[in-house]
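Residues per chain, in single letters:
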Amino acid sequence: MAVNWPGLLSLCVFYMMILAMGIWASRKSKREEKKCTGNRSEVTMVGGRNLNIWVSICTMTATWVGGGYILGNAEVVYDPTKGLVWATGPLAFFMNLVLGALFFVKPIRSKNYVTLMDPFQEKYGDKVAAVLFIPALLGDILWVACILGALGGTISVVMDISSALAVCVSAAVAIVYTLMGGLYAVAYTDVVQLSLMLVGLWLCVPFILANPSSANITVAAVTKLHQEPWLGSLELEEAGRWVDDLLLLAIGGICYQAFYQRVLSTATDAQSKLTCYVAAVLCPILAIPSLIIGAAAASTNWNETSYGSPGPYQQGKAGMILPIALQHLCPFYVSLIGM
């Protein structure tokens, strides 16, 4: 497979657009910094505690709805050993944001903290806070690795470009606009990325469902056609693992610094709670396109597509099923938008 030059061009345009938005946001950040009466680092870290409510909702949602979430939902539904019943992410993220709003927004905002570590440092001292910082740092590193891994895998599948190169370039773009504009740059680029994700994936869904190689997904949900039904099953002896997966995501996210960064960036407690509640609703909604794509992939006779046989699961590429479906079940230019 040769390098996908139109796809590479579209990716360059996307990165330029994101970088331009980051530069614009950095200028806004500098204007806000001049108005800030408190610590100027608050503008960088928490947007001067005055982030627009709509931007706040978008950046909170985009914090959870990333590449790992989108690709992971499609993978679980497509995987014949799992299925939709094992797609705990949307429910877990809903629970996470609701729990955060109910129990953690008011305490963390009450003393104008800047990071998750601040209350621990205040109560237990620097040494304990330094130790607690280690798992927080590891969590961030692994989360970033998940997102960049999803990105690199997607680009390598769709464009036949080295995933390492894609990861390096993407990380460099993100680092540049974050250094320039802090939370403002991250938040406003999140708005653009979330909008493109919503429009791009929904645009691809009807083309994937209409592909002649894909069977009716409602039939394939409960009937074995090309593989096991994509609804999946949950046996009694697996219930403990299912609950563990759910709670790992639902409660683990409460320890995530990026969550508190968004919570602390709004002007009032009410706005912070509203941000969490709206994001809690949006996270499952934004999972729907990837769940449908996973179901369609599970209903597809891959031998009839340009992908050929054996199918993605047999080749160990279930984790990349979403970009594979975009590439082989959509018209070329539609797949570029989805990618």
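Residues numbered from 1 in each chain as written. Predicted model: local features only at pLDDT ≥ 70, side-chain atom pairs only at ≥ 80, totals over all residues. Heavy atoms only, no water.

Under an unreviewed UniProt entry, the name given to the protein chain is High-affinity choline transporter 1-like, and the organism recorded is Gasterosteus aculeatus aculeatus. UniProt annotates the protein chain under Sequence similarities (unreviewed entry) with the comment "Belongs to the sodium:solute symporter (SSF) (TC 2.A.21) family." Turning to the protein chain, the UniProt annotation filed under Subcellular location (unreviewed entry) states: "Membrane". (UniProt positions renumbered as here; feature names shortened; annotations may be inferred.)

1. Concerning the packing of helix 4 (residues 67-78) against helix 8 (residues 126-159)
Look at helix 4 against helix 8: their axes get within 8 Å of each other, and the N-to-C directions meet at 65°. Considering only the axes of helix 4 and helix 8, their crossing is left-handed. For the pair formed by helix 4 and helix 8, the contact residues are Gly-67, Gly-68 and Leu-71 on the first element and Cys-146, Ile-147, Ala-150 and Thr-154 on the second. Of the residues assigned to the contact of helix 4 with helix 8, the class counts are 4 nonpolar, 3 polar and no charged. (Axes fitted to C-alpha atoms, helices over the stretch in contact; angles between N-to-C directions. Helix = DSSP H or I, 4+ residues; strand = E, 2+ residues; numbered from the N terminus. Left-handed = near helix turned anticlockwise from the far one by under 90°. Contact = heavy atoms within 4.5 Å. Nonpolar A, V, L, I, M, F, W, Y, C, P; charged D, E, K, R; others polar.)

2. A word on the side chain of Thr-115
Take Thr-115: it is sitting in the loop between helix 6 (105-109) and helix 7 (118-124). Side chain to side chain, Thr-115 and Asp-118 meet in a polar contact 3.0 Å long. In contact with Thr-115, other than residues within four places in its own chain, are Met-45, Gln-257 and Leu-264. (Polar contact = N/O pair within 3.5 Å; in protein donor to acceptor, adjacent residues only side chain to side chain.)

3. Side note on the pattern of salt bridges
Under the definition given, this model contains 4 salt bridges. Asp-269 is the partner of Arg-109 in a salt bridge, and the nearest nitrogen-oxygen pair spans 2.7 Å. Of the two residues, Arg-109 is situated in helix 6 and Asp-269 in helix 13 (residues 269-298); the sequence distance between them amounts to 160 residues. With relative accessibility at 12%, the residue Arg-109 sits in the buried group. Between Lys-111 and Glu-122 there is a salt bridge; the shortest N-O distance is 3.3 Å. With Lys-111 in the loop between helix 6 and helix 7 and Glu-122 in helix 7, this residue pair connects regions lying 11 residues apart in the sequence. (Salt bridge = Lys/Arg side-chain N within 4 Å of Asp/Glu carboxyl O. Buried < 20%, exposed > 50% of the residue type's maximum accessible area, 1.4 Å probe, protein only.)

4. Points about the UniProt feature "transmembrane region" (unreviewed entry) in the protein chain
Per the UniProt entry, the sites bearing "transmembrane region" (unreviewed entry) are residues 6-25, 51-72, 84-108, 128-151, 157-179, 246-264, 276-298 and 318-338 in this numbering. The distance separating the terminal C-alpha atoms of residues 157-179 is 30 Å; by composition the span is 87% helix and 0% strand. For residues 246-264, helix accounts for 74% and strand for 0%, while the C-alpha atoms at its two ends are 26 Å apart.

5. With respect to the environment of Gln-261
Tracing the backbone shows Gln-261 in helix 12 (residues 257-263). On the basis of relative accessible area, Gln-261 is assigned to the buried category, the value being 16%. Note: C-alpha distance between Gln-261 and Ala-221 (40 residues apart in sequence) is 40 Å. If we skip the residues at most four places from it in the chain, Gln-261 touches Met-45, Val-46 and Leu-183.

6. A few points about helix 9 (residues 163-210)
Note: α-helices contain 3.6 residues per turn, so residues at a spacing of three or four share the same orientation. Here helix 9 contains 48 residues, and its C-alpha end-to-end distance of 30 Å is more than 12% below the 70 Å for a straight helix at 1.5 Å per residue. Along its length, helix 9 shows its largest kink, about 130°, at Gly-181. Put simply, Ser-162 is the residue that caps the front of helix 9, since its side-chain oxygen is 3.3 Å from the backbone nitrogen of Ala-164. (Expected span 1.5 Å × (residues − 1). Bend = angle between axes of the 7 residues up to and from the residue.)

7. A short note on a nonpolar patch on the surface
A cluster of nonpolar side chains, namely Leu-91, Phe-94, Leu-198, Val-199, Trp-202, Val-281, Ile-285 and Ile-288, defines an oily patch on the protein surface of about 660 Å² accessible area. Listed by contribution, the elements that provide at least two residues to the nonpolar patch are helix 5 (89-103), helix 9 and helix 13. Assignment of secondary structure puts Ile-288 in helix 13. (Patch = residues over 30% accessible without salt bridge, like charges linked within 9 Å, V, L, I, M, F, W, Y side chains within 5 Å. Areas by Shrake-Rupley, 256 points an atom, 1.4 Å probe, with all protein chains shown as cover.)

8. Focus: the environment of Trp-143
Its location among the elements puts Trp-143 in helix 8. For Trp-143, the contacting residues outside a window of four places in its chain are Thr-63, Trp-64, Phe-93 and Tyr-256.

9. A word on the packing of helix 8 against helix 14 (residues 321-329)
Angle between the axes and distance between the axes: these two values describe a pair of packed helices. Look at helix 8 against helix 14: their axes get within 9 Å of each other, and the N-to-C directions meet at 20°. Judged by the inter-axis angle, helix 8 sits roughly parallel to helix 14. Crossing of helix 8 against helix 14: the hand is right-handed. Residue-level inspection shows Thr-154, Val-157 and Val-158 of helix 8 in contact with helix 14, the latter providing Pro-323, Ile-324 and Gln-327. Its residues assigned to classes, the contact of helix 8 with helix 14 comprises 4 nonpolar, 2 polar and no charged. (Parallel < 35°, antiparallel > 145°, perpendicular 65-115°, else oblique.)

10. Describing unusual backbone geometry
A cis amide bond links Ser-309 to the next residue, Pro-310, at an omega of -5°. In this structure, Pro-310 sits in the loop between helix 13 and helix 14. The backbone of Asn-112 sits at a positive phi, close to 55°, despite the residue not being glycine. Along the chain, Asn-112 falls in the loop between helix 6 and helix 7.

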